[in-house]
Amino acid sequence: MAKLRTRKHKVVLSRSTGGDFGINLFLVIMGAFMFLPMYYVIMQSLKPLDELWMFPPRFYVENPTLSNFSDLFTLMSDNYVPFSRYIFNTVFVSVTGTFGNLLLSSMAAYALAKLKFPGRKFLFQLVVKSLMFHQTVTAIANFLTMSTLHWLDSYLALIVPAFCTSMGLYLMKQFMETGVSTEVLESARLDGASEFRTFWVIAMPMVKPAWLTLMIESFKNLWNSGNSIYIYSEQLKTFNYAINQIVTGGIARAGVGAASTVIMMIVPITVFIICQSNVIETMGSSGMKD
Amino acid sequence: MSNKTAVKRPTAQKDMTKAQWTWKEMKKNKVAYLMIAPFMILFFIFTVWPVLLSIALSFTDFNMLEMPNLVWVDNYIRLFLDDDIFLLAAQNTLIFACITGPVSYIMALLIAWFINELGPKLRSVVTLIFYAPSISGSVYLVWQTLFSSDSYGWVNGTLINLGWIDDPILFFQDADYIMPLCIVVALWTSLGTAFLSFIAGLQNVPRHLYEAGAVDGVKNRWQEFWYITLPYMRPQLMFGAVLSITQSFGFGGVVTALCGFPSVDYAAHTIMHHLDDYGGQRYEMGYASAIAVILFVVMIGANTIIKKGLSKIGQ
């Protein structure tokens, strides 16, 4: 029998000091592994030129400067495609893609979770199966489809496929199963609300955590999408692509590269910080039953 | 996975055939089909159809210029018997997947478990630290700066300063270093959705189960984890496994960004690169489709095996 210590009539779970120490040590080491590279980028982006070229390289910055960021803008404005165009592309693709994905996924998820119709299990299983393979598998055939549709080298090739992510539908459906009470839906229907109205006015507000999660998932993918095989024109390329060009451009641009990486990472991280508790709540229902 | 409807047929309508009944149910639920239609149509065009098309094309010599000819299994024979680089790529992919998949899965689970014992404030900060690399896009390029091939790279600079080496090591050009480095970077970016799912799953385990466990003789946290936590969060473990497997086969982008394409001596050449080479550059679509089909079969196979294994936890 385990020794039970009780404090205020509550069972205290047995925890060894050695275990606590080991666990915290592990967390600190892993945390350092995860955090230090991120920290290093931020430091690099703030280093003036002479510190970037200092030997040995340092993990901190003595005279922080924002000149790398302003250099980035100068450098990009000399480009054949203006800097603002890349940003516009990324923002435009991210926002429209995310919005469409949210709308289509929630509508389909609502039907799959709350309406009973022949074929719904089969369709959902198909979506679950598609979580099991990576998009590289479909890239070749999608290239042919895009070329048949004359969507190559247009925004459509980036935006429309983002509308129907399996992950989005999956997370939304799982959350709706438990997050939307069937009784409330029933009473709305009795009051004569149409199914679309019930979905939009009753169910959607109940799954706010899920649509925030969906938005992050979708936004993150689109924001970080780089060199697409469907896009040739420089005018349609994304910010991430432009940044990769700069970063891989060599050591001379180390500071500028770091600055652009920092800009790229700030947006998704901020979005995640704002929505973290909602995301965790949604993930609570993400489990696969069999 | 059956396409039979979940709705029980009312006994009064037993005189109808199954098809008649299904058709009646379908008409009654027109609205439901209307609601899933936009998603499902796009899903079929961009996810289901590509798989079918790839399978069909893999038996042809389609090259985007001429009408495809049926060549049966020639593409597959060529892959396995004539294409040494494919075999190398397959080997690299398997090594990559067999290391990054399990390691990132266990890492996500352990870290999520350890984080779970922290207070709520600290927990959200630590979660962010671990999750951030996976959402920050091309931030993994910092590893190129850290392991840069001159003395201004932090690793080389430090090693030279310490006197351990005299000349900088060309990390991303040296076949011996490429794979291990890419694996480390891949692991660094791997704590994504599965990790969050584990954190949420752990938070959902009711505390009274642990208390009951303590009364029933659970001696330490490891037993508690094995006998109570893991069985309770099995659905999350399944979900996480699917994501980890899919992810472990899809790190091609990271490798290309770090070591260029093709990598030195094909040291980090994976099936994804091979696919891109034939599909995206040489337009040998039939051959590329065969590669895609193999990748598809391997991923579905890995998922099926792992699912079987996980269903045994706590039984």
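Residues numbered from 1 in each chain as written. Chains lettered and ligands numbered in written order. Predicted model: local features only at pLDDT ≥ 70, side-chain atom pairs only at ≥ 80, totals over all residues. Heavy atoms only, no water.

### As for the overall build of chain A
Then, in step 1: Looking only at helices and strands, chain A has 13 helices and two strands in total.
Then, in step 2: Principal axes of the C-alpha set define a box for chain A whose edges measure 70 × 70 × 35 Å.
Then, in step 3: Within chain A, residue pairs in contact and separated by at least 24 positions form 71% of the contacts whose partners lie at least 6 positions apart.
Then, in step 4: For chain A, the distance from the average site of its 22 positive side-chain charges to the average site of its 16 negative ones is 12 Å. (Helix = DSSP H or I, 4+ residues; strand = E, 2+ residues; numbered from the N terminus. Contact = heavy atoms within 4.5 Å. Lys, Arg positive; Asp, Glu negative; His and termini not counted. Charge placed at Lys NZ, Arg CZ, Asp CG, Glu CD.)

### Quick notes on helix α13 (residues 254–283) of chain A
Then, in step 1: Counted at 1.5 Å a residue, the expected span for α13(A) with its 30 residues is 44 Å, but the 38 Å between its end C-alpha atoms falls short.
Then, in step 2: Along α13(A), 21 of the 30 residues are buried, which leaves the element largely enclosed by surrounding structure. (Expected span 1.5 Å × (residues − 1). Buried < 20%, exposed > 50% of the residue type's maximum accessible area, 1.4 Å probe, protein only.)

### Things to note about the packing of helix α4 (residues 84–115) of chain B against helix α9 (residues 193–204) of chain B
All names here are of chain B.
Then, in step 1: Interhelical geometry of α4 versus α9 gives an angle of 40° and a closest axis separation of 9 Å. Of the two elements, α4 crosses α9, and the hand of that crossing is right-handed. Together, Tyr105, Ala108, Leu109, Ile111, Ala112, Trp113 and Ile115 of α4 and Phe195, Phe198, Ile199 and Leu202 of α9 make up the contact between the two elements.
Then, in step 2: Taken together, the residues that form the contact of α4 with α9 break down as 11 nonpolar, no polar and no charged. (Axes fitted to C-alpha atoms, helices over the stretch in contact; angles between N-to-C directions. Left-handed = near helix turned anticlockwise from the far one by under 90°. Nonpolar A, V, L, I, M, F, W, Y, C, P; charged D, E, K, R; others polar.)

### Here's the deal with the domain arrangement of chain B
All names here are of chain B.
Then, in step 1: Its domain assignment divides chain B into domain 1 (1–57) and domain 2 (76–310).
Then, in step 2: Here domain 1 packs against domain 2, burying approximately 370 Å² in sum over the two surfaces, 75% of which is carbon and sulfur.
Then, in step 3: In this assembly, domain 1 and domain 2 are joined by zero salt bridges.
Then, in step 4: In this structure, the connection of domain 1 to domain 2 is made through zero residue pairs in polar contact (both at pLDDT 80 or more).
Then, in step 5: Residue composition of the side of domain 1 that touches domain 2, grouped by class: three nonpolar, one polar and no charged. (Domains from an automatic or database assignment. Buried area = accessible area lost by both parts, 1.4 Å probe. Salt bridge = Lys/Arg side-chain N within 4 Å of Asp/Glu carboxyl O. Polar contact = N/O pair within 3.5 Å; in protein donor to acceptor, adjacent residues only side chain to side chain.)

### Details of the packing of aromatic side chains
Then, in step 1: One pass over the full model with this rule turns up 33 aromatic pairs over all chains.
Then, in step 2: Between A:Phe272 and B:Tyr131 the ring centres are 4.5 Å apart and the planes differ by 45°, which places this aromatic pair in the tilted class. With one member in each of two chains, A:Phe272 in helix α13 and B:Tyr131 in helix α5 (residues 120–135) form a pair that bridges those chains. Both residues of the pair, A:Phe272 and B:Tyr131, count as buried.
Then, in step 3: Every member of this aromatic cluster is reached through a ring pair, and the members are A:Phe33, B:Trp143, B:Phe147, B:Phe171, B:Tyr177 and B:Trp188.
Then, in step 4: Between A:Lys237 and the ring centre of A:Tyr241, over which it is positioned, the NZ or CZ distance is 4.4 Å. (Phe/Tyr/Trp six-rings, centres within 6.5 Å; stacked < 30°, edge-to-face > 60°. Lys NZ or Arg CZ within 6 Å of the ring centre and 35° of its normal.)

### Comments concerning the interface of chain A and chain B
Then, in step 1: Contacts between chain A and chain B engage 106 residues on the former and 112 residues on the latter.
Then, in step 2: Counting the surface lost from both chain A and chain B, the interface buries some 9800 Å², and carbon and sulfur atoms represent 77% of this.
Then, in step 3: Considering only the side of chain A, the residues that lose the most area to chain B are A:Met34, A:Pro118 and A:Met132, jointly responsible for 7% of the buried surface there.
Then, in step 4: One can count one salt bridge joining chain A with chain B.

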